[in-house]
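What the coordinates show
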Amino acid sequence: MDWTKILAEVESVVEPSRGQGRVADYIPALAAIDPNKFGMAVAMADGSTHCIGDADEPFSIQSISKVFTLSMALRKVGDVLWQSVGREPSGSPFNSIVQLEKECGIPRNPLINAGAIVVTDHLVTQVGPEIMIDKLLTRLRMLADDDAILVDQIVTESESEAGSRNRALAYFMKSFDNLQNPVEDTLRAYFSHCAISMNCRQLSRAALFLAFDGTDPVSGTQMVSSEACRRINAVMMSCGHYDNSGDFTYRIGLPGKSGVGGGILVVAPGHGAIAVWSPGLNEAGTSTVGSLALESFVRQTGWTVFV
């Protein structure tokens, strides 16, 4: 493929819309980010990346981290995880508490906040919050082949200060015995992994294993089983964008996960991984310009699971 031509077309398509959407100003540390930023990276099986725009500028990956913690949890505890969290789309905002009450503290899926808190809790049970974050960072640095990946402590503190709703979710689940650890221990790890800072190049490279049956195609390291990889991609496809998941699948047709920092990670099985970043969000918390960029990308490449 002529990647220069493809990415130039993507850039041309999104240019009139740059700056649209609203940054995640409910997290103070994210409120001042320039909404005109736009970057995109495509990682291939050989580890090479094709990039445009601000692809090397770090941003807060926020809920995209949930994909990587889910992969760790499935490797550590296996299908026991599904006793604590479901696999169904929520159809509700990412921080909704309504379904938790109706469904006795069992979150609908691991990619909404409540579900990701449960996943984090399982990992904290294994090693504690600090070591859990260290292991996650080690994993991401190895996958991205870049030791510069870190947790942004300013964002972590900002997340915690603005974390009343997440605390409510966690204590509610704790009341149903669906959290094993002290709430603040689990949330300390949760806020930290949401505050991981990566750029598009690093993020797309780190997710390549999800495009190749759970094995990183560059190093040959198996990160998760092929079965777990398929399950992660399936949950991303149906649940990766909260109450915007159906529209995203309709328009893009690939498993993906958005974050309120403006990033979107997309997996094209058998082809590669794509990361896009633009901070302006739609009402569901997905990057407005990022979605447009991905729509243009799949139209040109034909990368879709619906063949």
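Note that the structure is a prediction, hence the values are computed from the model and not measured.

Reading the values: rules and limits
- Residues numbered from 1 in each chain as written.
- Predicted model: local features only at pLDDT ≥ 70, side-chain atom pairs only at ≥ 80, totals over all residues.
- Heavy atoms only, no water.
- Pairing = 2+ DSSP bridges.
- Helix = DSSP H or I, 4+ residues; strand = E, 2+ residues; numbered from the N terminus.
- Salt bridge = Lys/Arg side-chain N within 4 Å of Asp/Glu carboxyl O.
- Buried < 20%, exposed > 50% of the residue type's maximum accessible area, 1.4 Å probe, protein only.
- Axes fitted to C-alpha atoms, helices over the stretch in contact; angles between N-to-C directions.
- Parallel < 35°, antiparallel > 145°, perpendicular 65-115°, else oblique.
- Left-handed = near helix turned anticlockwise from the far one by under 90°.
- Contact = heavy atoms within 4.5 Å.
- Nonpolar A, V, L, I, M, F, W, Y, C, P; charged D, E, K, R; others polar.
- UniProt positions renumbered as here; feature names shortened; annotations may be inferred.
- Polar contact = N/O pair within 3.5 Å; in protein donor to acceptor, adjacent residues only side chain to side chain.
- Core = buried A, V, L, I, M, F, W, Y, C linked by side-chain atoms within 4.5 Å.

1. Things to note about the sheet that holds strand β5 (residues 196-198)
The strand order across the open sheet built from three strands is β3-β5-β4, with neighbouring strands paired in antiparallel fashion. Two strands bound the open sheet, and with one partner strand each, they are β3 (59-60) and β4 (150-151).

2. Here we look at the pattern of salt bridges
For the coordinates displayed, the defined rule picks out 13 salt bridges. One salt bridge connects R188 with E130, and the closest N-O pair in it is separated by 3.0 Å. Taken together, the positions of R188 in helix α8 (residues 183-194) and E130 in helix α5 (residues 129-144) put the pair 58 residues apart, joining distant regions of the chain. The class of R188 is partly exposed, set by a relative accessible area of 37%. A salt bridge links E295 to R251, with the nearest nitrogen and oxygen atoms 2.9 Å apart. With a gap of 44 residues between them, E295 in helix α12 (residues 288-301) and R251 in helix α11 (residues 245-252) connect regions that are remote in the sequence.

3. Regarding the packing of helix α2 (residues 65-77) against helix α4 (residues 113-127)
Packing of α2 against α4 leaves a shortest axis separation of 9 Å and a crossing angle of 45°. Judged by the inter-axis angle, α2 sits oblique to α4. As α2 packs across α4, the resulting crossing turns out to be left-handed. Along its contact with α2, which presents K66, T69, L70, M72, A73, K76 and V77, the element α4 presents N113, A116, V119, H122, L123 and Q126. Tallied by class, residues from the contact of α2 with α4 come to seven nonpolar, four polar and two charged.

4. Notes on the UniProt feature "binding site: substrate" (unreviewed entry) in the protein
Those places that UniProt annotates as "binding site: substrate" (unreviewed entry) correspond, in this numbering, to S63, N113, E159, N166, Y190, Y242 and V260. Following the sequence through the fold, N166 ends up in helix α7 (residues 164-175). Looking at N166, the relative accessible area reads 10%, which means it is buried. Leaving out residues up to four positions away in the same chain, N166 has contacts with N113, I117, L187, Y190 and F191. A distance of 3.0 Å separates the side chain of N166 from the side chain of N113, its partner in a polar contact.

5. Examining the nonpolar core
Burial of nonpolar side chains together is a common tendency in soluble globular proteins. Of all hydrophobic cores here, the largest spans 69 residues; its most connected members are F68 and I196. Aside from chain neighbours lying at most four places away, what touches F68 is L136, L140, L203, A206, A207, F209 and L265.

6. Structural notes on the sheet that holds strand β7 (residues 263-268)
What the five strands build is an open sheet, ordered β2-β1-β8-β7-β6; its pairing is antiparallel. Of all the strands in the sheet, just β2 (49-53) and β6 (256-258) have a single pairing partner and so form its edges. Sheet twist, expressed as the average angle between the axes of neighbouring strands with direction ignored, equals 10°. Pairing of strand β1 (residues 39-44) with β2 involves five bridges; the strand directions are antiparallel. Bridge pairing in β2 links A43 to T49. Set on the sheet, helix α1 (residues 3-14) makes contact with β1 and β2; between it and β2 the angle comes to about 30°.

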